[in-house]
Amino acid sequence: MSSEPDAATAVRDRFARFARDEAPGRSELYGAWAAGVAADPAVQAVLAGIPASHRQPPLVFAVTRLLGAPESDYPAWASWLLAHADAVVAECGRRSVQTNEALRCAALLPALALIDGPIALLEVGASAGLCLYPDRYGYRYHRPDGEVLALEPADGPSPVTLHCDLRGERMPPLALPQVIWRAGIDLDPLDPTDPQTRAWLTGLVWPGEEGRAERVGAALDIAAADPALLVAGDAADAIASVAALAPPEATLVVTTPGVLAYLPWARRHEAIAAARAAGRWVTIDDPRLHEGWTTPVDPDAGPGGFAVALDGDIVAAADPLGGWLEWRAVDAAPAR
């Protein structure tokens, strides 16, 4: 396994940044593990053997937990890692972060409400397809004044309820879409009916994130009961061919929530072009991530968060995983 100084330094810096900027408020355990890695040359040398694109802290930690690492203090975890170094390096090399968070549908829903149905939904980076069922989930939008706006599927309450805090003064349009076809593209699509998929996706939940593993499990049940078409392929190359399978009477909507960050700069824009050529395009992205917006974006303006956009028009700011939403659009975007 490789332990070149440059790779080990990159591991140290990446895990230190994770401990400082990403873990606080989400996972005390992951924060402690990351801080430990950043101060431990022996563990850095092991993790340097993982390809750079597969050594993100959440991926490394999830793989160790999947393989049996104790969810204990850093010394116990590090001791286990050093004893199972080859297995961890190999497993990380074949895995990728496939965060399949149904809560993102709470941020996608208002943008989908601007599109005339019925809808054919195509998600890029679909993992097991849990964001392909926005019409099957229940929603609770919590307004600043304490009012709660509830939506449920027409056939009765959903076993999955998504809670989202509304910020600001503007009210987003809230309506469940009429989805008549759903498909997803992923480099390594996951079968929602496979117990190994459940183990991996729930294992990607950070320790300390209460209720999230249960939400993933319940959403997997919905997906397993009515599996979507999941296609293995690269985003930019596969969108057109999969989109061609959609029923012609439906409005095709391509969604790219959280996936473009994993593509190189040029490929991001190729994927955006393919999505817009295929139909309507809805995304949730860091404003600095690409140049697919219809108007220039100032990432330092407003309350922060990611941008929710329809056809490149930013309609809202949101938590990357859908925990809060601030509607920005003054008027509904016209059909295109």
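No experiment lies behind these values; they were computed from the predicted model shown.

Conventions used here
- Residues numbered from 1 in each chain as written.
- Predicted model: local features only at pLDDT ≥ 70, side-chain atom pairs only at ≥ 80, totals over all residues.
- Heavy atoms only, no water.
- Helix = DSSP H or I, 4+ residues; strand = E, 2+ residues; numbered from the N terminus.
- Rg over C-alpha atoms; globule rule 2.2 N^0.38 Å.
- Contact = heavy atoms within 4.5 Å.
- Areas by Shrake-Rupley, 256 points an atom, 1.4 Å probe, with all protein chains shown as cover.
- Lys, Arg positive; Asp, Glu negative; His and termini not counted.
- Charge placed at Lys NZ, Arg CZ, Asp CG, Glu CD.
- Phe/Tyr/Trp six-rings, centres within 6.5 Å; stacked < 30°, edge-to-face > 60°.
- Buried < 20%, exposed > 50% of the residue type's maximum accessible area, 1.4 Å probe, protein only.
- Salt bridge = Lys/Arg side-chain N within 4 Å of Asp/Glu carboxyl O.

### Points about the overall build of the protein chain
- Secondary structure summary: the protein chain contains eleven helices and eleven strands in total.
- Taking 2.2 N^0.38 as the reference for a compact globule, 336 residues should give roughly 20 Å; the C-alpha atoms of the protein chain span a radius of gyration of 20 Å, in line with that estimate.
- With respect to the principal axes defined by its C-alpha atoms, the protein chain has extents near 55 × 45 × 40 Å.
- Of all intrachain contacts in the protein chain linking residues separated by at least 6 positions in sequence, the fraction that spans at least 24 positions is 71%.
- Of the roughly 14300 Å² that the protein chain leaves accessible, carbon and sulfur atoms contribute 52%.
- Within the protein chain, one finds 26 positive and 44 negative side-chain charges whose respective centroids are separated by 2 Å.

### As for the packing of aromatic side chains
- Within this structure, the stated rule accounts for eleven aromatic pairs.
- Judged by centre distance (6.2 Å) and plane angle (70 degrees), the rings of phenylalanine 18 and phenylalanine 61 are edge-to-face. One end of the pair, phenylalanine 18, is in helix α1 (residues 5-22); the other, phenylalanine 61, is in helix α4 (residues 57-66), with 43 residues separating them in the sequence.
- Phenylalanine 18 gets classed as buried once you look at its relative accessible area, which sits at 0%.

### Some points on the pattern of salt bridges
- In total, this model carries 22 salt bridges according to the counting rule given.
- For arginine 26, the salt bridge is made with glutamate 209, and the minimal N-O distance between the two is 2.6 Å. Residue arginine 26 is found in the loop between α1 and α2 (28-38), and its partner glutamate 209 is found in the loop between α8 (195-203) and α9 (212-225); the two are separated by 183 residues along the sequence.
- Judged by its relative accessible area of 29%, arginine 26 is partly exposed.
- Residue glutamate 209 is classed as buried on the basis of its relative accessible area of 16%.
- One salt bridge in this structure joins arginine 212 and glutamate 209, with 2.8 Å as the shortest N-O distance.
- A cluster of three or more residues bridged by salt bridges with shared partners is formed by Arg26, Glu101, Glu209, Arg212 and Arg215.

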